[in-house]
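# A closer look at the structure
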Amino acid sequence: MATNSQASSDSSSTASATAPPSYDSISENPIQCNQSSLFSFRRRKQKRAAVLSRIRDIVLAPNFTPSSVTSNVNACIAALPAAELSNILTKLNIEGHTALYWAIVNNRSEAFWALEELVSRYSFDCTSDLRIACMITNNHAMFRQLNLDAYSEDRRLRYLLGCPPDGIQVQTCDEHTNQFNVVFRIGMFQKRLRLATARNLYYEFVAEGRIWWLRFYMPSPFTNGIWHTAIGLCERTYSACLSNAVLVIEAHSQKPVATPPEALKISLLSTDTKVLTLASWQSMKGKELGGWVMHNTTKYVDHKGTLHAKLEMTLQ
């Protein structure tokens, strides 16, 4: 038989084993957890601030040297996860703009491409910011390389048709008279017009410090079934005064001929208009292309169906 002391010891052990933890022991763990979380949060915040400061120096510091880009970018990569670094690079967090914007504006191509490689996806704000940077620097090549054009439906249609990217080149003819040409090479032109659900082919280009657009479209409502063309300025673009705008569509002959066929010239200004002032997101009245667009055999595309056109423009 157990003695009283043994019974007392056993009951004490049982009570100790089954008794709930004290209030003090309960309250210690959440505090330690919260302190740990707070410390971790502050640590991450400090890292982000340090990385942003380093990125700022890469794109803005006056003593910038291209040879320093790699080591600085590698330090940023080591400090933060890829997703967090991409997020920083696409935010308007340096004087109201992205780091990529400043890399373009300050002509730091080494810095731009090193940082751009870390971006998983452009945000809407980042895309808009890069468009403005290309406009400010009059950099059509960068605009095209980054696929900053706003219209995406035709890009998907090209993919489905296996059509290569269209060519758009801006050529300065005479800086003193503000004359420039924009050369277009548009593959499968007729097929894409017929397949486009919006009955519209839309192109953007950078010239003379502005973002312009050219489009081929079917007016709505569809009155006479004739395709039209028009040009205009994109949103957030400086206004412009046009004294000349002519779309020249090259003609082709399927067989060798002594006299090449004459190109089609479409004046985009009204005959009674000497100078047209365009504001941001404004277009001039569209002009008819003619019935040839729907003809299966036409001289205005080559044997592969490619349209070769040149937009001749002069600013006042």
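The model shown is predicted, which means the values in this text are computed figures rather than measured ones.

Conventions and cut-offs
- Residues numbered from 1 in each chain as written.
- Predicted model: local features only at pLDDT ≥ 70, side-chain atom pairs only at ≥ 80, totals over all residues.
- Heavy atoms only, no water.
- Helix = DSSP H or I, 4+ residues; strand = E, 2+ residues; numbered from the N terminus.
- Buried < 20%, exposed > 50% of the residue type's maximum accessible area, 1.4 Å probe, protein only.
- Contact = heavy atoms within 4.5 Å.
- Areas by Shrake-Rupley, 256 points an atom, 1.4 Å probe, with all protein chains shown as cover.
- Pairing = 2+ DSSP bridges.
- Expected span 1.5 Å × (residues − 1).
- Polar contact = N/O pair within 3.5 Å; in protein donor to acceptor, adjacent residues only side chain to side chain.
- Phe/Tyr/Trp six-rings, centres within 6.5 Å; stacked < 30°, edge-to-face > 60°.
- Lys NZ or Arg CZ within 6 Å of the ring centre and 35° of its normal.
- pLDDT = per-residue confidence, 0-100.

Here we take up the overall build of the chain. Of the regular secondary structure elements, the chain holds ten helices and ten strands. In the chain, buried positions account for 39% of the 316 residues. Look at the contacts in the chain between residues 6 or more apart in sequence, and 66% of them connect residues 24 or more apart. Surface accessibility of the chain: about 18400 Å² in total, with carbon and sulfur atoms responsible for 51%.

Time to look at the environment of Y217. Counting through the fold element by element, Y217 comes out in strand β4 (residues 210–217). Judged by relative accessible area, which is 11%, Y217 ranks as buried. As a C-alpha pair, Y217 and A230 span 13 residues in sequence and 8.4 Å in three-dimensional space. Discounting chain neighbours no more than four positions away, the residues touching Y217 are R199, N200, W227, H228, T229, A230 and G286.

Another aspect to go through is the sheet that holds β4. Taken in spatial order, the four strands make up an open sheet running β3-β4-β5-β9, and their pairing is antiparallel. Of all the strands in the sheet, the pair left with one neighbour each is β3 (200–207) and β9 (287–288). Both β3 and β4 contribute to a ladder of eight bridges, which runs antiparallel. Across the sheet, the residue bridging to A207 is R210, located in β4.

Let's shift gears to helix α7 (residues 124–136). The terminal C-alpha atoms of α7, which comprises 13 residues, lie 19 Å apart, in line with the 18 Å expected from a rise of 1.5 Å per residue. Listing the buried residues of α7 in full gives C126, S128, D129, L130, R131, I132, A133, C134 and M135. In this structure, the buried residues of α7 make contact with α5 (99–105), α6 (109–116), α8 (140–145), β3 and β4. One or two positions beyond α7, positive phi appears at N138, with a value near 55°.

On to the side chain of N200. Inspection of the secondary structure puts N200 in strand β3. Residue classification places N200 among the buried positions, given a relative accessible area of 9%. In this structure the side chain of N200 is engaged in a polar contact, spanning 3.4 Å, whose partner is the side chain of R215.

Counted by the stated rule, this structure contains nine aromatic pairs. Look at Y101 and W102: their rings are 5.0 Å apart centre to centre, the planes differ by 90°, and that puts the pair in the edge-to-face class. We classify W102 as buried; its relative accessible area is 17%. Aromatic rings pair up to connect F189, F216, W292 and Y300 into one cluster. A cation over a ring is seen here: R215 above Y217, with NZ or CZ 3.8 Å from the ring centre.

For the rest of this paragraph, the subject is the environment of F124. Mapped onto the fold, F124 is located in helix α7. A C-alpha to C-alpha distance of 9.9 Å links F124 and K91, two positions 33 residues apart in sequence.

Quick look at the confidence of the model for the chain now. Counting all residues, the mean pLDDT for the chain is 87, and 86% of those residues have values of 70 or more. Helix α1 (residues 4–18) is the least confidently modelled element of the chain, averaging 48 in pLDDT, while α5 averages 98, the highest of any element. Here residues 1–8 is modelled with pLDDT under 50, and outside its nearest four sequence neighbours on either side it reaches one contact, counting other chains as well. Overall, residues 22–27 carries pLDDT values under 50, and its contacts beyond four positions in sequence, including any with other chains, amount to one contact.

Bringing the pairing of strand β7 (residues 264–267) into the picture now. Covered by surrounding structure in β7 are L264 and I266 only, the residues K265 and S267 on the alternate face being uncovered. In this structure, strand β6 (residues 240–249) lies alongside β7, joined through four bridges in antiparallel fashion. Within the sheet, the bridge partner assigned to L247 lies in β7 and is I266.

Another aspect to go through is unusual backbone geometry. The phi angle at N178 is positive, at roughly 60°, despite the residue not being glycine. Its location among the elements puts N178 in the loop between β1 (167–174) and β2 (179–186). By relative accessible area, which is 25% here, N178 ends up partly exposed. Not every positive phi belongs to a glycine, and R199 is a case in point at roughly 50°. Mapped onto the secondary structure, R199 falls in the loop between α10 (189–195) and β3.

Next up on the list: the pairing of strand β5 (residues 228–233). In terms of burial, β5 is largely enclosed, as six of its six residues are buried. Taking every second residue as pointing to the same face, both faces of β5 are buried, with H228, A230 and G232 on one and T229, I231 and L233 on the other. Sheet analysis places β4 next to β5, joined by six bridges and oriented antiparallel. When the bridges of β5 are listed, R215 appears paired with A230. Here β5 pairs with β9 via two bridges, running antiparallel.

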